[in-house]
Amino acid sequence: MINAESYEAINKELKEKNVTLVAVSKTKTVEDIRALYNLGQRDFGENYVQELVDKAAHLPDDIRWHFIGHLQGNKVKYIAPFVQLIHGVDSLKLLKEIDRQGAKFDRVIDCLLQVYIADEETKFGLQENEVEEVMQAGPFPNVRIRGLMAMASFTVVTDQVRSEFRKVKDISSKLESMGYNLPIVSLGMSSDYKIAIEEGSTMVRIGSLLFGTRQYTQKGL
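Quick notes on the rules
Residues numbered from 1 in each chain as written. Predicted model: local features only at pLDDT ≥ 70, side-chain atom pairs only at ≥ 80, totals over all residues. Heavy atoms only, no water. Phe/Tyr/Trp six-rings, centres within 6.5 Å; stacked < 30°, edge-to-face > 60°. Helix = DSSP H or I, 4+ residues; strand = E, 2+ residues; numbered from the N terminus. Buried < 20%, exposed > 50% of the residue type's maximum accessible area, 1.4 Å probe, protein only. Lys NZ or Arg CZ within 6 Å of the ring centre and 35° of its normal. Pairing = 2+ DSSP bridges. Expected span 1.5 Å × (residues − 1). Salt bridge = Lys/Arg side-chain N within 4 Å of Asp/Glu carboxyl O.

Quick look at the packing of aromatic side chains
Moving on, step 1. In the structure shown here, the tally under the stated rule is one aromatic pair.
Moving on, step 2. A centroid spacing of 6.1 Å and a plane angle of 45 degrees characterise the contact between F44 and W65, whose relative ring orientation is tilted. A residue pair is termed long-range when its members are at least 10 positions apart, and F44 in strand β2 (residues 43–46) and W65 in strand β3 (residues 64–67) qualify at 21 residues. Of the two residues, F44 and W65, neither departs from the other in class, the shared state being buried.
Moving on, step 3. The ring of Y37 has R42 lying over it, and the distance from NZ or CZ to the ring centre is 3.7 Å.

What follows is the structure, encoded as C-alpha cells:
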C-alpha cells in the first residue's frame, strides 16, 4: 500500500530542486505501482529482470522503467526493447552487450556507469580509472552513457556517506571537464537521499518511504 502523503511531500521537494524521483517498486504489486502512477509518478525502478518484464506488460506504456539492480549480460535482451535507463553498468563487457541488444531492437539505450564507493565487498561498480577507460572505449552507437550511479556504504556514519557521494560527483565533474556530457548523477535512497542531493545528486531512488517496508516474496530471472 502506497503512502500518498509521503509521496506528495517528497515529490514536491525534489521538483523544487530539479531532482528526478525514481520510485523503487521492486517486490511491489501492479496495483501499488498503478496507485502511484495515478498520482503522477512515471519513473519506476526494478532490480529483477523477470519481475520488470512481467509488470511492464500489465502497466501503462508511458511508464519510464529503470533497471537498478545488478544486470547479467544474458538478461539484457529481455529488457532492451523498452527499458528507459540501465543504472548499474559495471563492466565494459556489459556495456558491449547492451549495445549489441540495442542494435537488435533499433534503439539507443541510456545507461549509467556504476562507481564503486562503498566500504563493502557485496556492492558492485567500477573504480575511477575503470570509469575513464569505459568512457574512452567504443564507439557504441546503440548506447548513450548519461552519467554515473553509486550506492553508499550501509552505515549510520553520515560523514562517510557524504564523502562517498562527493567522490562520485567529483568524478562526474572531472569527466565533464574532459568534454563528456553526463547530466545524471544517481545517488541516494530512502535513508540518505537528502545527503545525496546536498552532494550533487540529480536522481534519487526511493522505495520504502513511498511503498513501506518491502516483502521479499518474489524472485527474478
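Next comes the rest of the write-up.
Considerations on the pairing of strand β4 (residues 85–89)
Moving on, step 1. Taken across its five residues, β4 has five buried, putting it largely inside the fold.
Moving on, step 2. Note that β3 and β4 share two bridges and pair parallel. By the bridge assignment for β4, F67 is matched with I86.
Moving on, step 3. In this sheet, strand β5 (residues 109–114) lies alongside β4 in parallel orientation, the contact comprising three bridges.

Examining helix α5 (residues 92–104)
Given 3.6 residues per turn, any residue in an α-helix points the same way as the ones three and four places further on.
Moving on, step 1. Over its 13 residues, α5 runs 19 Å from end to end, which matches the ideal 18 Å to within 8%, given 1.5 Å per residue.
Moving on, step 2. Taken together, the buried positions of α5 are L94, L95, E97, I98, D99, Q101 and G102.
Moving on, step 3. Just downstream of α5, D106 is the residue with a positive phi angle, here 55 degrees.

What to know about the pattern of salt bridges
Moving on, step 1. Inspection of every chain in the model, using the stated rule, returns 15 salt bridges.
Moving on, step 2. With its nearest N and O atoms 2.9 Å apart, the salt bridge here joins E46 to K55.
Moving on, step 3. Its relative accessible area of 4% is what places K55 among the buried residues.
Moving on, step 4. When the shortest N-O distance is used, the salt bridge between E97 and R100 registers 3.0 Å. Here R100 and E97 lie together in helix α5, a separation of three residues that amounts to about one turn.
Moving on, step 5. On the basis of relative accessibility, which here comes to 17%, the residue E97 falls in the buried class.
Moving on, step 6. Judged by its relative accessible area of 43%, R100 is partly exposed.
Moving on, step 7. Where salt bridges share partners, they join R162, R166, E198 and E199 into one cluster.

Note that all results are geometric; they support no functional claim without further evidence.
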